[in-house]
Amino acid sequence: MKLADRLSIVLPAKNEAEGLRQVLPALRRDFPLAELIVVDDGSTDDTATIAGAAGARVLSAPYGMGNGAAIKRGARAATGEILVFMDADGQHGAQHIRALLEKLAEGYDMVVGARDRSGQANLHRGLANAFYNRLASWMTGHHVMDLTSGFRAVRADKFREFLHLLPNGFSYPTTSTMAFFRSAYPVAYVPIPVAKRVGSGSHIRPLKDGVRFLLIIFKIASLYSPLKLFVPTAAAFFLAALGWYGYTFATQGRLTNMSTLLFSASVIIFLIGLVSEQITNLTYRRDG
């Protein structure tokens, strides 16, 4: 049986009526046997009506819960062995799903559609994503081409193992990718072009989500290997303490309170890192 014959395609949608008018017919044409699930995240337009008319299964929320929450609801409800997650705004094309499935058939558990620079919303987002990719590559030891892409194909049983870790907001791609790497589930990337979104502007709010994306940096470390974050930080405090102690000893002949504080901070940060590492190990432990 082909992967395309046991497929569920999940589209989180909030006020994406215009995009769904284009996306759903294309999906139905290219994948007539696939289960189409549109998770209506508290839309105020005709998102649910259009999705239902196109033959999709609609899961409606009474109010907006977030992109990650929609993904979790769709993953729980899906019946296919393979899940494809994609945006409902027309940026991801139905014709690119087969490339993800072909790569998945090679033995991977997750395949992500990697955007090029032209697929980034703006320069700042592009630079931020490039930084996230480098950081994740360093943390995992694997080349991460696009950490935050929402266009991906996964094996349903593997993905559901990590539903409890996924946030309700926009950082579900980061969390799921790092969780797969941490659990030694093979991840691959397939370069795909991204079209201009249909309808209104992006739901991402620059200030609020800018802070949220900054927190992704710390989430990457905490999800994969906390010691890779805490040890360099502790070392930086220790070297600062050592440098300040050397300066004050040479000029004043004594150990100052600042040096003691910095030394103490380095030890505390290192110990927090050890505890975090053990918590991470317990989080990903699989019994049986």
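Going by the structure above, here's the rest.
*Asks:* Before we move on, can you summarise the overall build of the protein chain with the specific residues and values?
*Replies:* Helix and strand counts for the protein chain come out as 10 helices and 7 strands. Residues counted as buried form 50% of the 288 residues belonging to the protein chain. Pairs at least 24 residues apart make up 74% of the contacts formed inside the protein chain by residues separated by at least 6 positions. Summed over its atoms, the accessible surface of the protein chain is roughly 14200 Å², and 60% of this surface lies on carbon and sulfur atoms.

*Asks:* Can you explain the side chain of T177? Please cite residues and give values.
*Replies:* With respect to the helices and strands, the residue T177 is situated in helix α7 (residues 172-182). Owing to a relative accessible area of 0%, T177 belongs among the buried residues under this scheme. Apart from residues no more than four positions distant in its own chain, T177 is found in contact with M110, L147, R152 and Y189.

*Asks:* I'd like a description of the pattern of salt bridges, backed by residues and values.
*Replies:* As enumerated under the stated definition, the model contains 8 salt bridges in all. Ionic pairing is found between E81 and R6, a salt bridge with its closest N-O pair at 2.8 Å. Remark: R6 occurs in the segment before β1 (7-13) and E81 occurs in the loop between α3 (67-77) and β4 (82-85); sequence separation between them is 75 residues. Its salt-bridge partner being D157, residue K158 comes within 3.8 Å of it at the nearest N-O pair.

*Asks:* Explain the side chain of D109 to me, and be specific about the residues and the numbers.
*Replies:* Mapped onto the secondary structure, D109 falls in the loop between α4 (97-104) and β5 (110-114). Take D109: its relative accessible area is 8%, and that puts it in the buried class. Here D109 is in contact with L104, A153, V154, R155, K158, F180, Y185 and P186, once residues within four sequence places are set aside.

*Asks:* Tell me about the packing of aromatic side chains, and please be specific about residues and values.
*Replies:* The full count for this structure, using the stated rule, is 9 aromatic pairs. Considering the side-chain rings of F238 and F263, the 5.4 Å spacing of their centres and the 65° angle between planes classify their relative orientation as edge-to-face. One end of the pair, F238, is in helix α9 (residues 227-252); the other, F263, is in helix α10 (residues 257-283), and 25 residues separate them in sequence. Over the ring of Y185 we find K158; its NZ or CZ atom is 5.4 Å from the centre of that ring. Sitting over the ring of W138, K228 keeps its end group 5.5 Å from the ring centre.

*Asks:* I'd like a rundown of the nonpolar core, residues and numbers included.
*Replies:* If you look at the biggest cluster of nonpolar residues, it comprises 40 residues, and the most contacted ones within it are L83, F85, F159 and M178. Setting aside residues no more than four positions away along its own chain, M178 makes contact with A136, M139, T140, L147, I220, L223 and Y224. Formed by 33 residues, the second largest nonpolar core is a distinct cluster that contains A26, I50, I82 and F151.

*Asks:* I'd love a proper account of the sheet that holds strand β3 (residues 57-61), names of residues and values included.
*Replies:* Strands sit in the order β3-β2-β1-β4-β6-β5-β7 across an open sheet of 7 strands; the sheet is mixed. Strands at the two margins of the open sheet, each flanked by one partner only, are β3 and β7 (187-191). Sheet twist, expressed as the mean angle between neighbouring strand axes with direction ignored, is 20°. Bridge count for β5 against strand β6 (residues 152-155) is 3 bridges, and the pairing is antiparallel. Within β6, the position partnered with M110 by the bridge is V154. Contacting β1, β2 (35-41), β3 and β4, α3 crosses the sheet at an angle of about 145° to β2.

*Asks:* Tell me about the environment of D46, and please be specific about residues and values.
*Replies:* Among the structural elements, D46 can be located in the loop between β2 and α2 (47-53). In sequence terms D46 and L20 are 26 residues apart; their C-alpha atoms lie 9.8 Å from each other.

Here is what the cut-offs are and how they apply
- Residues numbered from 1 in each chain as written.
- Predicted model: local features only at pLDDT ≥ 70, side-chain atom pairs only at ≥ 80, totals over all residues.
- Heavy atoms only, no water.
- Helix = DSSP H or I, 4+ residues; strand = E, 2+ residues; numbered from the N terminus.
- Buried < 20%, exposed > 50% of the residue type's maximum accessible area, 1.4 Å probe, protein only.
- Contact = heavy atoms within 4.5 Å.
- Areas by Shrake-Rupley, 256 points an atom, 1.4 Å probe, with all protein chains shown as cover.
- Salt bridge = Lys/Arg side-chain N within 4 Å of Asp/Glu carboxyl O.
- Phe/Tyr/Trp six-rings, centres within 6.5 Å; stacked < 30°, edge-to-face > 60°.
- Lys NZ or Arg CZ within 6 Å of the ring centre and 35° of its normal.
- Core = buried A, V, L, I, M, F, W, Y, C linked by side-chain atoms within 4.5 Å.
- Pairing = 2+ DSSP bridges.
- Axes fitted to C-alpha atoms, helices over the stretch in contact; angles between N-to-C directions.

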